[in-house]
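Architecture at a glance
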Amino acid sequence: MRVAMHQPHYLPWLGLIDKIDRSDLFVVLDHVQYERKGWQNRNYVASKNGPVLLTVPVIQRGRHERIMDKEIDSSHPWREKHRRSLAEHCYRNAPFWDDYGERVLSVYERDWTHLADLAWATTSLVLDAFGIDTPVVRASELGEFPGQKSELLAQLSAKVGAGTMLSGDGARDYVDQEIFQRYGVAVEWQGFRHPEYPQHSRRGAEFLPRMAALDLLLNVGPDGIGVLREARSG
C-alpha cells in the first residue's frame, strides 16, 4: 500500500491533489506544528492582472501551536474578501463557474473556527469534483507518535500498514530513507510535473503555474483530472 502525507492547506495547489490521487491512503498531518508564513492558510488564484493571494487570518497564541488547534481570526472580514475575489474578480466568466461556483461559495457561508477544518473543506471540494476517492485519515486520529521528521513519517506509515510512502520532491533534503527502511517502508518520489491548461482570465498572457487547484477545476472542469494525470508521463 502506498501512503502519502501532508499538512492541510487552504485552497491547495495541484501538487497536493496529485499526491492524494496517486496514493492508496492519504494522512492529513494535522497534529504537527503550524508553520508561520507558510502555505497552510493561503494560496494564489489567477486573475487577468496576475496572481491574487488569498490569506485566512489566524490567531497567534504561541510558536508551538499544532495545526489542528489553530483558530481563525474572525475579527477580519476575510470570507467576504475571498468570496468576492473568486466570484467577481477571478472566475465569474470561467467556463465551469456555473457548474461549481455555488459549491465554491458555500464554503464561505459557514462561520469556520479552525483552520484545519476549512483547509480540508477546500481540498475535499476539488477531490470530489475530480472524482478522487482516496481514503483519508487525520494523523491526530491515529494516536500519539514520539518521533520527529523522518521518524514520525515512518512511524505513521508503519501504523497504517503502508509499504511505500509517496513524498514530494521538496522533501529530498530531509527525508532519511534509512529510518524508513528500519520500519520496512520504502520512499517513492512524486516527481510532480505541473500541467498547462487554458486559463480564461489569461487569454494572450503568460500561463500562471502553481495556482490553487480550483483554477484547473473552474477552467477545465471534471476533465481536469485527466490533464493532471497526463502531465505525469509528459
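Residues numbered from 1 in each chain as written. Predicted model: local features only at pLDDT ≥ 70, side-chain atom pairs only at ≥ 80, totals over all residues. Heavy atoms only, no water.

**A closer look at helix H2 (residues 78-90)**
Arg84 marks the point of greatest bend in H2, at about 25°. Buried within H2 we find Trp78, His82, Ser85, Leu86, Ala87 and Cys90. Taken together, the buried residues of H2 touch strand S3 (42-47), strand S4 (50-55), helix H3 (97-106), helix H4 (115-130) and helix H7 (214-220). (Bend = angle between axes of the 7 residues up to and from the residue. Helix = DSSP H or I, 4+ residues; strand = E, 2+ residues; numbered from the N terminus. Buried < 20%, exposed > 50% of the residue type's maximum accessible area, 1.4 Å probe, protein only. Contact = heavy atoms within 4.5 Å.)

**Details of helix H8 (residues 224-232)**
Looking at H8, one finds that the buried residues are Gly224, Ile225, Leu228 and Ala231. In an axial view of H8, the angular spread of the buried residues amounts to 125°, which keeps them on one side of the axis. (Arc of directions from axis to C-beta.)

**Structural notes on the packing of aromatic side chains**
Given two aromatic rings, one states the distance between the centres and the angle between the planes to describe the pair. In the structure shown here, the tally under the stated rule is five aromatic pairs. Ring plane angle 85° and centroid distance 5.0 Å describe the contact between Tyr197 and Phe207, whose orientation is recorded as edge-to-face. Placement of the pair is Tyr197 in the loop between strand S7 (186-189) and H7 and Phe207 in the loop between S7 and H7, with a sequence separation of 10 residues. Pair check on accessibility: Tyr197 and Phe207 agree, each one buried. Sitting over the ring of Trp112, Arg110 keeps its end group 3.9 Å from the ring centre. Across the ring face of Trp13, the terminal group of Arg210 is positioned such that the distance to the ring centre comes to 4.1 Å. (Phe/Tyr/Trp six-rings, centres within 6.5 Å; stacked < 30°, edge-to-face > 60°. Lys NZ or Arg CZ within 6 Å of the ring centre and 35° of its normal.)

None of this, on its own, says anything about what the molecule does.
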